[in-house]
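# Remarks on the overall topology
Single-letter residue listing:
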Amino acid sequence: MGLDNDDPTAEQAANLVRGFPGVQIVMLDRQPTVSQIHNRLADRATGDFIQVFTDDYEMVEPNWVETTRRALEALPCGLGVSYPTDAMYPNFSTLPIVSRKTREMAGYYLPRWFPFLCGDTWWNEVGVMSGMILPSGATCKLSQETGHIHNFRNVKLWSTMFDKLRPMREQLAIEMIRAAFGDTEQGDYMVASLPERSGMLAELHAPCMTEEFFHKWDNYGNGFPHPHYAAIEAKAQSFMERI
């Protein structure tokens, strides 16, 4: 459980879970992006699978861990992505679960470049491209207290950057396919048909590339951007100019 050490309620939150079996409490300097928080926590995790879990969601079933474990055992060679079912976003990897082997192959848990959004969609696309994605059988839902709180900025930049980086996800998916199936007929077929799946994903992302979408989500919410946000955005702008 990661907590910002400058949050005045951090100690109170820690006391709520202190003593729970298997829970590590990690006090962190406030990270520039949400993804970097999860990456720091993933570095401390000891299990074979890592799941994003945020404070605006909750799991529905008491036995969700056992249900999820059975699904994870079905992933080929311990590679791939799983996710709990979210009624708001069906057939999508809300709170993606990624194997440690997959994370090591990627070199990251969540893509650190995005200050918000994109982490779940990133792994959803990798899972679909590779054919290694399974619903866990468990269910999640938005928390009544904190769900749907967003503080987005310059969504056009981040959505465009996500779109431009699709070749990175394609390459990772190919590596996963070859690691699981080798140079077999099945592996060859999965690689040869990957462009079709990638094209489908690009079409699904297309509504997130419209001016209407950008206008809807820009500056949605009433929070303040991270102190480092301007520098993160400038770095992303520079990167986009070079590709």
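For the structure itself, look to the data block above.
Summary of the structure given here. These numbers come from a predicted model, not from an experiment.

Each helix and strand counted, the chain has 11 helices and seven strands in total. Here the C-alpha radius of gyration of the chain, 18 Å, is about what a compact globule of 243 residues would show, namely 18 Å. C-alpha atoms of the chain, sized along the principal axes, occupy 55 × 45 × 30 Å. Out of the 243 residues belonging to the chain, those deemed buried represent 41%. For the chain, contacts bridging at least 24 residues in sequence account for 74% of all contacts bridging at least 6. Summed over all atoms, the accessible surface of the chain reaches about 13400 Å², with 55% contributed by carbon and sulfur. Charged side chains of the chain number 21 positive and 31 negative; the gap between the two group centres comes to 4 Å.

Throughout the structure, instances matching the rule amount to 14 aromatic pairs. For the pair Tyr-108 and Trp-113, a centre-to-centre distance of 6.0 Å together with 70° between the ring planes defines the contact as edge-to-face. The class of Trp-113 is partly exposed, set by a relative accessible area of 23%. Arranged with centres 6.4 Å apart and planes meeting at 50°, the rings of Phe-213 and Trp-217 form a pair that is tilted.

Further remarks concern the packing of helix 6 (residues 155-164) against helix 7 (residues 166-181). Remark: helix 6 packs on helix 7, axes separated minimally by 4 Å, with the N-to-C direction vectors making an angle of 40°. Relative to helix 7, the element helix 6 is oriented oblique. Together, Phe-162, Asp-163 and Lys-164 of helix 6 and Arg-166, Pro-167 and Arg-169 of helix 7 make up the contact between the two elements.

It is worth spelling out the nonpolar core at this point. Formed by 46 residues in total, the largest nonpolar core has its most connected members in Tyr-109, Phe-114, Trp-122, Trp-123, Trp-158, Met-161 and Leu-172. Leaving out residues up to four positions away in the same chain, Trp-122 has contacts with Tyr-108, Pro-111, Trp-113, Phe-114, Phe-162, Leu-165, Met-168 and Arg-169.

Here the focus is the pairing of strand 7 (residues 133-142). Pairing between strand 4 (residues 57-59) and strand 7: three bridges, direction antiparallel. Bridged to Tyr-57 within strand 7 is Leu-142. Two elements, strand 5 (residues 81-86) and strand 7, share five bridges in a ladder whose sense is parallel. By the bridge assignment for strand 7, Tyr-83 is matched with Pro-135.

Further remarks concern the sheet that holds strand 5. Pairing is mixed in the open sheet, where five strands are placed in the order 3-6-5-7-4. On the outer flanks of this sheet lie strand 3 (49-51) and strand 4, each paired with one strand and no other. Neighbour-to-neighbour, the strand axes of this sheet turn through a mean angle of 35°, independent of strand direction. On top of the sheet, helix 5 (residues 119-130) reaches strand 5, strand 6 (97-99) and strand 7; it is set at about 155° to strand 7, its chief contact.

Thresholds, definitions, all that
Residues numbered from 1 in each chain as written. Predicted model: local features only at pLDDT ≥ 70, side-chain atom pairs only at ≥ 80, totals over all residues. Heavy atoms only, no water. Helix = DSSP H or I, 4+ residues; strand = E, 2+ residues; numbered from the N terminus. Rg over C-alpha atoms; globule rule 2.2 N^0.38 Å. Buried < 20%, exposed > 50% of the residue type's maximum accessible area, 1.4 Å probe, protein only. Contact = heavy atoms within 4.5 Å. Areas by Shrake-Rupley, 256 points an atom, 1.4 Å probe, with all protein chains shown as cover. Lys, Arg positive; Asp, Glu negative; His and termini not counted. Charge placed at Lys NZ, Arg CZ, Asp CG, Glu CD. Phe/Tyr/Trp six-rings, centres within 6.5 Å; stacked < 30°, edge-to-face > 60°. Axes fitted to C-alpha atoms, helices over the stretch in contact; angles between N-to-C directions. Parallel < 35°, antiparallel > 145°, perpendicular 65-115°, else oblique. Core = buried A, V, L, I, M, F, W, Y, C linked by side-chain atoms within 4.5 Å. Pairing = 2+ DSSP bridges.

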